[in-house]
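Structural overview
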Amino acid sequence: MPGTRSNQEWLDALSNQGIQQEIALEELRRLLLRAALFTLVTHLADLHEMPEEERLALAEECAQEAMMTVLVRLGDFRGDSKFTTWAYKFGINIALSRARRWRWKQVSLDDLADDDGTLNWFQRDERLQTADSEQPVRQREVVEVIREVLRTQLTARQRQTLKLIAFDNVPMDVVVQRLDSNRNAVYKLLHDARLKIKQQLVRRGYDLAEVMDLFQ
Amino acid sequence: MVKTNLTKFVRRVHDTRDTEISCSVCLDLVSQYVDLEISTGDAAGKLPQVKQHLDQCQVCSEEYQVLRQLAVLEAEQRLPIDEELINQLKK
Ligand SMILES: [Zn+2]
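Starting afresh in each chain, residues are numbered from 1 along the sequence in its written order. As they are written, the chains are lettered A onward and the ligands numbered 1 onward, keeping that order. This being a predicted model, a pLDDT of at least 70 is required before a residue's local features are given, and a value of 80 or more before pairs of side-chain atoms are given or counted; all residues contribute to the totals for chains, interfaces and linings. In computing side-chain values, all of the structure's heavy atoms are included and hydrogens and water are not.

Describing the overall build of chain A
Secondary structure summary: chain A contains 10 helices and 0 strands in total. As defined in this context, the radius of gyration uses C-alpha atoms, and a globule is described by 2.2 Å times the residue total to the power 0.38. Whereas a compact globule of 216 residues would reach a radius of gyration of roughly 17 Å, chain A reaches 23 Å, over 25% beyond that. The C-alpha extent of chain A, read off along each of the three principal axes, is 70 × 40 × 30 Å. Burial status follows relative accessibility: with a 1.4 Å probe on protein chains alone, a residue under 20% of its type maximum counts as buried, one over 50% as exposed, and anything between as partly exposed. Buried residues in chain A amount to 48% of all 216 residues. Put simply, chain A shows about 10,800 Å² of open surface, and 48% of that area lies on carbon and sulfur atoms. Only runs of H or I of at least four residues qualify as helices and only runs of E of at least two qualify as strands under DSSP, and these elements are numbered from the N terminus. To measure how exposed things are, a 1.4 Å probe is used in the Shrake-Rupley method; for residues, cover is taken only from the protein chains shown.

A look at the coordination of the zinc ion
Residue and element names in this part refer to chain B. Note on donors: an N, O or S atom is included if it sits within 2.8 Å of the metal, or within 3.2 Å for Na, K and Ca, and water is never included, so sites can look incomplete. Bound to the zinc ion on the protein side are C23 (SG), H53 (NE2), C57 (SG) and C60 (SG), at distances that span 2.1 to 2.4 Å. Think of it this way: with four donors and all angles in the 85 to 135 degree range, the site is tetrahedral; with four or six donors, opposite ones beyond 155 degrees and the rest between 65 and 115, it is square planar or octahedral; otherwise it is irregular. Coordination at the zinc ion is tetrahedral, judged from the 4 donor atoms that bind it and the angles of 105 to 113 degrees they form at the metal. Along the chain, the residues donating to the zinc ion fall in the pattern C-x29-H-x3-C-x2-C. On the criterion of sequence distance, the pair formed by C23 in helix α2 (residues 23–40) and C57 in the loop between α4 (48–56) and α5 (58–75) is long-range, its members being 34 residues apart.

Focus: the interface of chain B and chain A
Should any heavy atoms of two residues lie within 4.5 Å, those residues are counted as being in contact. Opposite the 53 residues of chain B that make contact, chain A presents 61 residues. Where chain B abuts chain A, roughly 5,400 Å² becomes buried across the two surfaces, and 64% of that area is made up of carbon and sulfur atoms. Buried area, as used here, totals the accessible surface that two parts lose on assembly, with accessibility defined by a 1.4 Å probe and the loss added over both. Counting the surface chain B buries against chain A, the share from its top three residues, L6, F9 and L89 of chain B, is 14%. By definition here, a salt bridge exists when the distance from a side-chain nitrogen of Lys or Arg to a carboxyl oxygen of Asp or Glu is within 4 Å. In this assembly, chain B and chain A are joined by 8 salt bridges. Between D82 of chain B and R30 of chain A there is a salt bridge; the shortest N-O distance is 4.0 Å. Throughout this description, a polar contact denotes any pair of N or O atoms lying within 3.5 Å of each other; where both atoms belong to protein, one of them has to be capable of donating a hydrogen while the other can accept it, and for residues adjacent in sequence the pair is counted only when both atoms sit in side chains. Our count for the chain B to chain A interface comes out at 24 residue pairs in polar contact (both at pLDDT 80 or more). Top contributing element to the side of chain B that touches chain A by residue count: α5 of chain B, with 11 residues.

Focus on the pattern of salt bridges
This model, assessed by the stated rule, comprises 26 salt bridges over all chains. For R138 of chain A, the salt bridge is made with E141 of chain A, and the minimal N-O distance between the two is 3.6 Å. Taken together, the residues R138 of chain A and E141 of chain A, both in helix α6 (residues 137–152) and 3 residues apart, mark about one turn of the helix. Under the relative-accessibility criterion, R138 of chain A is labelled partly exposed at 38%. Note that E210 of chain A and R138 of chain A form a salt bridge whose closest N and O atoms lie 4.0 Å from each other. Here E210 of chain A, found in helix α10 (residues 208–214), pairs with R138 of chain A, found in helix α6; they are 72 residues apart in sequence, far enough to count as distant. Beyond isolated ion pairs, a larger network of salt bridges with shared partners links R100, D173 and R183 of chain A together with E62 and E63 of chain B.

Concerning the packing of aromatic side chains
Residue and element names in this part refer to chain A. Ring geometry is summarised as follows: Phe, Tyr and Trp rings, the Trp one being its six-membered ring, pair when their centres sit within 6.5 Å, and such pairs are stacked at plane angles under 30 degrees, edge-to-face over 60 and tilted between the two. Applying the stated rule across the entire model yields 7 aromatic pairs over all chains. Seen in terms of ring centroids, F83 and W86 are 5.7 Å apart; in terms of plane orientation they differ by 40 degrees. Their pairing is tilted. Residue F83 and its partner W86 are located together in helix α4 (residues 83–104), separated by 3 residues, close to a single helical turn. Aromatic pair W86 and F90: ring centres 5.1 Å apart, planes at 80 degrees, arrangement edge-to-face. Taken together, the positions of W86 and F90, both in helix α4 and 4 residues apart, correspond to about one turn of that helix. By relative accessible area, which is 3% here, W86 ends up buried. For F90, a relative accessible area of 3% translates into the label buried.

What about the nonpolar core?
Note on soluble globular proteins: their nonpolar side chains tend to be buried together. In this structure, L28, L32, F83, F122, L150, L162 and M172 of chain A are the most contacted members of the largest nonpolar core, which totals 97 residues. Excluding its chain neighbours within four sequence positions, the residues that come into contact with F122 of chain A are V143, I146, R147, L150 and F167 of chain A together with L6 of chain B. To form a nonpolar core, buried Ala, Val, Leu, Ile, Met, Phe, Trp, Tyr and Cys residues must be joined to one another through side-chain atoms within 4.5 Å.

Observations regarding the side chain of S31 of chain B
Mapping S31 of chain B onto the fold places it in helix α2. A polar contact is formed between the side chain of S31 of chain B and the side chain of K89 of chain A, at a distance of 2.9 Å. Beyond its immediate sequence surroundings of up to four residues, S31 of chain B is in contact with S81, T85, W86 and K89 of chain A together with L67 of chain B.

Topic: α6 of chain A
The first and last C-alpha atoms of α6 of chain A sit 22 Å apart over 16 residues, in line with the 22 Å expected at 1.5 Å per residue. Among the residues of α6 of chain A, Q139, V142, V143, V145, I146, R147, V149 and L150 of chain A are the ones counted as buried. To estimate how far a helix should reach, multiply one less than its number of residues by 1.5 Å.

Remember, this is a structural readout, not a statement about activity or role.
What follows is the structure, given as structure tokens:
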């Protein structure tokens, strides 16, 4: 039963040699398999087209990968959470990442490339919503500021990443995989883009709370 | 009202901070965040930088939500057994 060992007992058992370590490793393996199974069950829509037997194999692979991660990172555990919560997160992180990549594996991101230069993608939903009515003037002004920052102050990579993740709803893990990058680097691209837009709005005298209200 | 991507994005621009933690730091802290939430109910007050990242980052937020569900079930001793999960996975 998980939760019956204290954090220190987990660490001692996993760092020891012999039968105690073997028992702890088996318990950890089961715990991580549960995390992977639970994650995949909560995201079944991502696995819609995956054959049943492959789903179980995927859960086992994720548990195995998480086991290696946990053992490599055991020295990072500071005891500021339960050991089981700390271990579960690696199983969840790996399983969700794999499920997202499976769902998107047939989709070419080239088809979503920002290649027409009009930057209309960032407001296409609004255009649909307001097709029969005039968009309020202030809202349109803000949209123009954002469009200008997108065009003149962001790099092509920042613009493309922002489009894919924030406007095409492509999961970051899929973008990371296709760009052969990592989450931190892609998150930084998004953060820099948001920050530039925010700074430009402030510089032009906009009150950001009011801007947000305009779009609610 | 259904929130459009632009509505969500404008909110994220509004909530942008000069410095934000990375996804790796978020992963490092999220287990502490979840356990604080379960034990004290005030994780956001104690680890505001994690809350800020979770509000900005869809993938980290989804992982946090699953972790929270699992940790709550464990705390309540209601963890599903593997056979149950395997059956659900096959549906
Ligand atoms: Zn993140």
